[in-house]
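# Architecture and fold: a report
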Amino acid sequence: MAFIQKFLDDKVVAKAADTMVNETLRYLYERTPILAECVPIKETQSFDWKGLLFKEEAPVATLVADDQEIPLRSFGKFEEVIASGFNIADSYMYDESTMKDMYKAMTDAALQGTSVMSYRDEKGKISKPGSNDDLAQIIFGSIATLTKGIMDKLDAMTWEALQTGAISSTSVNTNIDIKSINYKDPNADYNHFPTALTDTGNSIDILNRWSDYENANGISNLYTAIDIYQDTNGFQPKYVCLSRRLFNHLRSQKSTQRAVASSFNTLGIVSAERLLDTIKNNLIDCEIKIIEDRCQVRDAKGRVQRVRFLNEDTVVFMHPQMGQRWVAPTIDSVANTIEEGNTLLRPKPGLFIKTYEKQVQPKRDVTYGKMTAAPVFLEPRLFFSWKVN
């Protein structure tokens, strides 16, 4: 009865499905350019990720006299870091109506001497019409949705780490808790996660929420944060990431209007261009990036909600190659068979889609996707996050 499984097992259909998954992944890998630059995808052939964290100690050189032996000193130390990926997975069980439609489409295709899905040539033109392209696109659409959902989970964990220095999410469906992952340095002598701004109406202290237009001083907050980051790392972050709403709060603050007026002799709500020019004029080399990407999540009651990757109230600093979205091999990438010559098939990294018949009554076909992956950050000094509203 596994009609959808049989449809997807067809060699031409399977190749088209693989191509669609690969094209979807390529888009998802690069959909947020700043994430692709700062926490790029890195596929590996190892089940465990291993890296070396170099803790640098670089004091100034010493003076030596003629013929004096140069003193020896250590230049920091290497610390091995080992991590394992998470099994990120989701599935879609087809309803009885879809399975009946597939049976009818396959029956019609057999009578017509064709296939359910149209075959296309290298130029994309139909070379062999199918019996039900619309149904084929529904099936392919479910696979694309699974692919996006799995990548969304990896990206959501990455943004969570960028904002908190840790991952503490729980899977609603499986109750898997991963609170143990903490990327922060417990011995750090710096604070890159300052206390959230909660005050309003404080006319003395500049630590007011950014929505307090009368008393907040967002530009000063940014200068302070960038100074802290530069004191720790020796350079400024390349990107300051925030939501559009936070950026508009910054434009609307009286302190911003005063800062811009002193440079450009303008009054009122500040334009985006004038604000960016004012920041640049104060020797800030960072680029301001508005992050509005969202994904869908299902809560404990099964309701689907759209949520942001970057919280609307938080500013995050990012720098190129500060981490990786590491993708490991998954057992699901190989069949449970042995190749000729008794050579065991090698698991591959990536996202893999499989369809099978679930032995329940009534029987159902299920398509599932799985990826073994995790965000990895070796240098905690490159984190900086501040809740400012």
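Note that the structure is predicted; figures quoted are calculated from it, not measured.

### What about the packing of aromatic side chains?
How two aromatic rings sit relative to each other is set out by the distance from centre to centre and by the angle between their planes. Throughout the structure, instances matching the rule amount to ten aromatic pairs. A ring pair is formed by tyrosine 229 and phenylalanine 317, whose centres lie 5.8 Å apart and whose planes are at 75°; its orientation type is edge-to-face. Residue tyrosine 229 is found in helix α6 (residues 218–233), and its partner phenylalanine 317 is found in strand β13 (residues 314–318); the two are separated by 88 residues along the sequence. For tyrosine 229, a relative accessible area of 0% puts it in the buried group.

### Here's the deal with the sheet that holds strand β9 (residues 239–242)
With mixed pairing, the four strands of this open sheet are ordered in space as β10-β9-β13-β20. The open sheet has two free edges, formed respectively by β10 (287–290) and β20 (385–387), since each of these has just one partner strand. Across this sheet, the average inter-strand angle for adjacent strands is 20°, counted without regard to direction. Pairing of β13 with β20, which is carried by three bridges, proceeds in the antiparallel orientation. Across the sheet, threonine 314 pairs through a bridge with lysine 387, a residue of β20. On top of the sheet, α6 reaches β9, β13 and β20; it is set at about 35° to β13, its chief contact.

### Comments concerning empty space enclosed by the protein
Overall, the coordinates contain one cavity of 30 Å³ or more when judged by the stated rule. By volume, the largest cavity is sized at about 30 Å³. Considering the residues around the largest cavity, the lining is formed by Trp210, Asn221, Leu222, Ala225, Val315, Phe384, Trp386 and Val388. With three residues, α6 is the largest single contributor of residues to the lining of the largest cavity. Partitioning the lining of the largest cavity into residue classes produces seven nonpolar, one polar and no charged.

### Remarks on the confidence of the model for the protein chain
Residues at a pLDDT of 70 or more form 81% of the protein chain, whose mean pLDDT is 81. In the predicted structure, residues 336–340 sits below a pLDDT of 50 and forms four contacts with residues beyond four places in sequence or in another chain.

### Quick look at the pairing of strand β14 (residues 324–330)
Burial of β14 is extensive: six of the seven residues sit out of reach of the surface. Two strands pair when backbone bridges link them, and strand β1 (residues 41–43) and β14 are joined in this way by three bridges, in the parallel orientation. Bridge pairing in β14 links lysine 42 to tryptophan 326. One ladder, built from five bridges, connects β14 with strand β19 (residues 364–376); its direction is antiparallel. Directly across from valine 327, in β19, lies its bridge partner alanine 373.

### Focus: the nonpolar core
In this structure, Phe7, Leu162, Trp210, Val315, Met318, Met322 and Met371 are the most contacted members of the largest nonpolar core, which totals 81 residues. Looking at this core, the element that brings in the most residues is helix α5 (residues 133–164), giving twelve residues. With residues up to four places along the chain from it excluded, the contact list for methionine 371 reads Leu25, Tyr29, Phe86, Asn87, Ile88, Ile150, Met151, Leu154, Val327, Gly350 and Leu351.

### Looking at α5
Helical geometry: 3.6 residues make up each α-helical turn, so side chains three or four residues apart lie on a common side. Taking 1.5 Å per residue, 32 residues should reach 46 Å; α5 reaches 46 Å between its end C-alpha atoms and fits that length. With its phi angle positive at about 75°, glycine 165 sits one or two positions after the end of α5.

Conventions adopted
- Residues numbered from 1 in each chain as written.
- Predicted model: local features only at pLDDT ≥ 70, side-chain atom pairs only at ≥ 80, totals over all residues.
- Heavy atoms only, no water.
- Phe/Tyr/Trp six-rings, centres within 6.5 Å; stacked < 30°, edge-to-face > 60°.
- Helix = DSSP H or I, 4+ residues; strand = E, 2+ residues; numbered from the N terminus.
- Buried < 20%, exposed > 50% of the residue type's maximum accessible area, 1.4 Å probe, protein only.
- Pairing = 2+ DSSP bridges.
- Axes fitted to C-alpha atoms, helices over the stretch in contact; angles between N-to-C directions.
- Contact = heavy atoms within 4.5 Å.
- 1 Å grid on protein atoms, 1.4 Å probe; cavity = no way out; pocket = protein on both sides within 12 Å on 5 of 7 lines; lining within 4 Å.
- Points joined across faces, edges and corners; volume = space filled by probe spheres on them.
- Nonpolar A, V, L, I, M, F, W, Y, C, P; charged D, E, K, R; others polar.
- pLDDT = per-residue confidence, 0-100.
- Core = buried A, V, L, I, M, F, W, Y, C linked by side-chain atoms within 4.5 Å.
- Expected span 1.5 Å × (residues − 1).

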